[in-house]
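# Commentary on secondary and tertiary structure
Here is how the chains run, residue by residue.
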Amino acid sequence: LWIGGNFLSAIRLEAFVAALAFIFASLGRKALSDHRVWVRVPRLRGGLEWSLASLVLLELVAIGLVSFKHTLGWDGMLVWEIKARYAFLNGGVLPEHYFQDAGRVFSHPDYPLGIPFAQLWIYLWVGEANQFWAKLIFPIFYVVGTIVTILLGARLTGRRWIGLVLGNLLFFVPQVSLSTGSAIVGYADFPLSIYYVAVLG
């Protein structure tokens with residue numbers, strides 16, 4: 001989005017980024033089929049593992065529902081949303097003068113652009129800067145974080161059920177699920193923690 005936004009806007013920018021995403025997905029699929037990359041998803045066995053997996057699924061649905069009922073917090077509104085909306089209203093490009101405007105220092109122009117550009121991508125496809133759809137980003141991170149936690153727990157212990165228990169316990173950590181900085185309020189804390197957990201895996 002950043003590179004393409006320098007020479008494209010609106011539908012051409014969307015097409016450019018979508019084409020790149022398709023190319024990368026095709027390369028990833030080819031790497032999987034050529035066995036250069038190996039992904040192993042363990043199969044569930046027994047009633048205990050299926051029960052724990054069902055609980056994880058219920059928790060993921062609950063986080064998704066709560067996310068869409070909850071409003072965005074300070075970071076979600078005044079750090080990420082402002083950048084995404086500004087870029088959307090400017091044809092998909094975040095203007096250079098935004099980074100030099102002292103009046104916008106409260107929105108932290110120096111912060112990374114991953115989250116606002118993910119929001120921008122949604123806004124471009126929806127056709128409007130709609131915060132409801134921007135809330136999709138954080139439950140997706142929660143789902144990914146839960147899956148990474150389960151796989152990491154199973155890999156470290158050699159037991160799938162322990163990984164599933166860890167995935168279930170994640171829901172009961174307020175800083176992860178329901179409080180300030182959690183997956184439902186639009187702060188970057190949770191997505192960043194997922195990157196750190198994924199690095200461990």
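Residues numbered from 1 in each chain as written. Predicted model: local features only at pLDDT ≥ 70, side-chain atom pairs only at ≥ 80, totals over all residues. Heavy atoms only, no water.

So, on to the packing of aromatic side chains. What the rule picks out here adds up to 11 aromatic pairs. Between Phe 68 and Phe 132, the ring centres sit 4.9 Å apart and the planes meet at 40°, which makes this aromatic pair tilted. Here Phe 132 lies in helix H5 (residues 131-134) and Phe 68 lies in helix H2 (residues 46-69), a separation of 64 residues in the sequence. Ring centres 5.0 Å apart and planes at 85° place the aromatic pair Phe 132 and Trp 133 in the edge-to-face group. Take Phe 132: its relative accessible area is 37%, and that puts it in the partly exposed class. By relative accessible area, Trp 133 is classed as partly exposed at 34%. Every member of this aromatic cluster is reached through a ring pair, and the members are Trp 2, Tyr 86, Tyr 98, Phe 99 and Phe 117. (Phe/Tyr/Trp six-rings, centres within 6.5 Å; stacked < 30°, edge-to-face > 60°. Helix = DSSP H or I, 4+ residues; strand = E, 2+ residues; numbered from the N terminus. Buried < 20%, exposed > 50% of the residue type's maximum accessible area, 1.4 Å probe, protein only.)

Let us look at the side chain of Glu 59. Secondary-structure assignment places Glu 59 in helix H2. Among buried charged residues, Glu 59 stands out as having no salt bridge; its nearest opposite-charge side chain is Arg 160, 18 Å away. Aside from chain neighbours lying at most four places away, what touches Glu 59 is Gly 167, Asn 168, Phe 171 and Phe 172. (Lys, Arg positive; Asp, Glu negative; His and termini not counted. Salt bridge = Lys/Arg side-chain N within 4 Å of Asp/Glu carboxyl O. Contact = heavy atoms within 4.5 Å.)

Residues Trp 80, Ile 115, Ile 137, Tyr 142, Leu 164, Val 176 and Phe 190 are the most contacted members of the largest nonpolar core, which totals 24 residues. Those elements that place two or more of their residues in this core are H2, helix H3 (74-89), helix H4 (114-126), helix H6 (137-157), helix H7 (160-170) and helix H9 (189-200). Residues Tyr 98, Leu 113, Ala 129 and Ala 134 belong to the second largest nonpolar core, which totals 16 residues. (Core = buried A, V, L, I, M, F, W, Y, C linked by side-chain atoms within 4.5 Å.)

Take the side chain of Glu 14 next. Assignment of secondary structure puts Glu 14 in helix H1 (residues 10-33). For the buried Glu 14, which has no salt bridge, the nearest side chain bearing the opposite charge is Arg 12, at an N-O separation of 9.9 Å.

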